[in-house]
Amino acid sequence: MTPPAVQAYLRRVTRLLPPTAARRVRAELHGNLHQSMLDARLRGLTETDAWTAALSEAGPALPAALRFARTHTLGLALRWLLAAGLLGGAAYALQGTHPAAPTPTTTQAQP
């Protein structure tokens, strides 16, 4: 069973990710932490101490969360910017194809 401290770490690391990416990253990271815990057990640590060692080896949650967010959301942000640019360009192009409204001319009365 995964200790509450590990579950909390996984939530903190994946809190900046979209739900689908968060589930995938959480599962992979949990597997890595579990392997680190098993390695620590082979070195003679108790299970509790082994989980603590695995978390320590993984490092602080915030820098990891920022790295995962940059990796998993930068592509999404770039896609949004590209779509906005394309739509803006299309709107600008369509705006230029409409004929200009006639400008009123003033006529002077001639005797």
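My aim in this report is to walk through the structure given alongside it, one point at a time. All chains use their own residue numbering, which begins from 1 and follows the written sequence. Selection of residues for local features in this predicted model requires a pLDDT of at least 70, selection of side-chain atom pairs for listing and counting requires 80 or more, and totals for whole chains, interfaces and linings are taken over all residues. Side-chain numbers here rest on the full set of heavy atoms in the structure, without hydrogens or water.

## Focus: the nonpolar core
Then, number 1: Grouping buried Ala, Val, Leu, Ile, Met, Phe, Trp, Tyr and Cys residues that are joined through side-chain atoms within 4.5 Å yields what is termed a nonpolar core. Think of it in three bands: residues with accessible area under 20% of the maximum for their type are buried, residues over 50% are exposed, and the middle band is partly exposed, with areas taken using a 1.4 Å probe on protein chains only. With 15 residues, the main nonpolar core has Val6, Tyr9, Val13, Leu29 and Leu33 as its most contacted residues.
Then, number 2: Comment: elements are numbered from the N terminus, with helices defined as DSSP H or I runs of at least four residues and strands as E runs of at least two. Broken down by element, the residue count for this core peaks at five residues, all from helix H3 (residues 47-58).
Then, number 3: Filtering out sequence-adjacent residues up to four positions away, valine 13 remains in contact with Leu29, Ala61, Ala64, Ala65 and Phe68.
Then, number 4: Counting five residues, the second-largest nonpolar core is a separate cluster that includes Leu17, Ala21, Ala22 and Ala69. In this analysis, two residues are considered to be in contact whenever any of their non-hydrogen atoms come within 4.5 Å of each other.

## Remarks on the environment of proline 63
Then, number 1: You can see proline 63 is positioned in helix H4 (residues 61-97).
Then, number 2: Since its relative accessible area comes to 35%, proline 63 is described here as partly exposed.
Then, number 3: When the C-alpha positions of proline 63 and valine 13 are compared, they lie 8.3 Å apart, and in sequence the two are 50 residues distant.

## Digging into the packing of helix H1 (residues 4-14) against helix H2 (residues 19-42)
Packed helix pairs are characterised by how far apart their axes lie and by the angle those axes make with each other.
Then, number 1: Between N-to-C directions, angles span 0 to 180 degrees; the directions come from axes that are lines fitted to C-alpha atoms, helices contributing only their stretch in contact. Between H1 and H2, whose axes approach to 10 Å, the crossing angle comes to 140 degrees. In terms of their interaxial angle, H1 and H2 are classed as oblique. Crossing handedness for the pair H1 and H2: right-handed. Along its contact with H1, which presents Val6, Tyr9, Leu10, Val13 and Thr14, the element H2 presents Ala22, Val25, Arg26, Leu29, His30 and Leu33.
Then, number 2: Polar here means any residue other than Ala, Val, Leu, Ile, Met, Phe, Trp, Tyr, Cys and Pro, which are nonpolar, and Asp, Glu, Lys and Arg, which are charged; Gly is therefore polar. Among the residues making up the contact of H1 with H2, the classes are represented as eight nonpolar, two polar and one charged. Our angle categories are set so that under 35 degrees counts as roughly parallel, over 145 as roughly antiparallel, 65 to 115 as roughly perpendicular, and the remainder as oblique. In this scheme the crossing of two helices becomes right-handed for a clockwise turn of the near helix relative to the far one and left-handed for an anticlockwise turn of less than a right angle.

## Remarks on a nonpolar patch on the surface
Then, number 1: The patch calculation keeps residues exceeding 30% relative accessible area without a salt bridge and links them within 9 Å when they carry like charges or within 5 Å when they are nonpolar (Val, Leu, Ile, Met, Phe, Trp, Tyr). To measure how exposed things are, a 1.4 Å probe is used in the Shrake-Rupley method; for residues, cover is taken only from the protein chains shown. For this analysis, a salt bridge means a side-chain nitrogen from Lys or Arg found within 4 Å of a carboxyl oxygen belonging to Asp or Glu. A contiguous nonpolar patch, built from Leu16, Leu62 and Leu66 and spanning about 270 Å² of accessible area, is present on the exposed surface.
Then, number 2: Mapping leucine 16 onto the fold places it in the loop between H1 and H2.

## As for the side chain of threonine 2
Then, number 1: Turning to its location among the elements, threonine 2 is positioned in the segment before H1.
Then, number 2: Here a polar contact means two N or O atoms within 3.5 Å. Within protein one must be a hydrogen donor candidate and the other an acceptor candidate, and residues neighboring in sequence count only if both atoms are side-chain atoms. Within polar-contact distance, the side chain of threonine 2 engages the side chain of histidine 30 at 2.8 Å.
Then, number 3: The contact partners of threonine 2, leaving out residues within four places of it in the chain, are Gln7 and His30.

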